[in-house]
Amino acid sequence: DTEVTQTPKHLVMGMTNKKSLKCEQHMGHRAMYWYKQKAKKPPELMFVYSYEKLSINESVPSRFSPECPNSSLLNLHLHALQPEDSALYLCASSQADSRNLNYGYTFGSGTRLTVV
Amino acid sequence: DAKTTQPPSMDCAEGRAANLPCNHSTISGNEYVYWYRQIHSQGPQYIIHGLKNNETNEMASLIITEDRKSSTLILPHATLRDTAVYYCIVRVQTGGFKTIFGAGTRLFVKA
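Residues numbered from 1 in each chain as written. Chains lettered and ligands numbered in written order. Predicted model: local features only at pLDDT ≥ 70, side-chain atom pairs only at ≥ 80, totals over all residues. Heavy atoms only, no water.

Caption draft 1: How the structure looks around the packing of aromatic side chains. Scanning the entire structure with this criterion turns up 12 aromatic pairs over all chains. Taking the centre distance of 5.6 Å and the plane angle of 90° together, the rings of Tyr-35 of chain A and Phe-101 of chain B count as edge-to-face. Of the two residues, Tyr-35 of chain A is situated in strand β4 (residues 31–37) and Phe-101 of chain B in the loop between β8 (84–92) and β9 (105–110); the pairing between them involves two chains. Judged by relative accessible area, Tyr-35 of chain A falls into the buried class, the value being 0%. Among the residues examined, Phe-101 of chain B registers a relative accessible area of 7% and is labelled buried. Geometrically, the ring pair formed by Tyr-87 of chain B and Phe-101 of chain B is edge-to-face, given 5.1 Å between the ring centres and 90° between the ring planes. Taken together, the positions of Tyr-87 of chain B in strand β8 and Phe-101 of chain B in the loop between β8 and β9 put the pair 14 residues apart, joining distant regions of the chain. The two residues Tyr-87 of chain B and Phe-101 of chain B agree in class, both being buried. Among the aromatic residues, those joined into a cluster by ring pairs are Tyr-33, Tyr-35, Tyr-105 and Phe-107 of chain A together with Tyr-34, Tyr-36, Tyr-46, Tyr-87 and Phe-101 of chain B. (Phe/Tyr/Trp six-rings, centres within 6.5 Å; stacked < 30°, edge-to-face > 60°. Helix = DSSP H or I, 4+ residues; strand = E, 2+ residues; numbered from the N terminus. Buried < 20%, exposed > 50% of the residue type's maximum accessible area, 1.4 Å probe, protein only.)

Okay, structure coming up:
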């Protein structure tokens, strides 16, 4: 399995809703990432997990709450979002150290989120 | 991570080689050059990476200058399906660190 699977592919939520995005990989990667991408812009890093521990938070508002319950899963919990949070949310994974040949990040296809 | 500079857009005729340049003049000795591409509405796709030597795989070739301050991604025979945004990134090879995307180059392959 050489894929990162993200669910759902599309999500529409109200500003008072609570929802979660899910990301799963079975490549044995121990580093996982969340990116946010607005239309016609490059992906922006949000969070980095290394060996299931949060290692980087790029000053993301607390209405976004990441979780890494095990080495294959990464969740992004959403609460009280704003319309400007509407974007494509991308998950990626990679080897976490340099001992193995690193072919870069493997990205999922993303969840397209619309906040109404 | 070092910053990169790429032209915002380029055109290429189908069947011809597409040469996409990238400047990374502040690259550190332990930073690699990675290339990704993103086809509309999909996640970025890894293409190739290198440290000092030129690299080739089934998708592309990567040419890195001797001083490592710039590189060129070469798609030898561009097809319409190669129309995408191409991102050049420099970063350490170890995972679990930042990968910062610049603005990228929007490549249009025309019939």
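That covers the picture; the talk isn't over yet.
Caption draft 2: Representation of unusual backbone geometry within the structure. Looking along the chain, the bond that leaves Thr-7 of chain A and enters Pro-8 of chain A is cis, with omega of -10°. Assignment of secondary structure puts Pro-8 of chain A in the loop between β1 (4–7) and β2 (10–13). Despite not being glycine, Ala-80 of chain A has its phi angle at roughly 55°, a positive value. Within the secondary structure, Ala-80 of chain A is located in the loop between β8 (73–79) and β9 (87–94). Judged by its relative accessible area of 30%, Ala-80 of chain A falls in the partly exposed class. Of note in the backbone geometry, Arg-68 of chain B takes a positive phi value of approximately 65° without being a glycine. Looking at the element boundaries, Arg-68 of chain B is found in the loop between β6 (61–64) and β7 (70–75).

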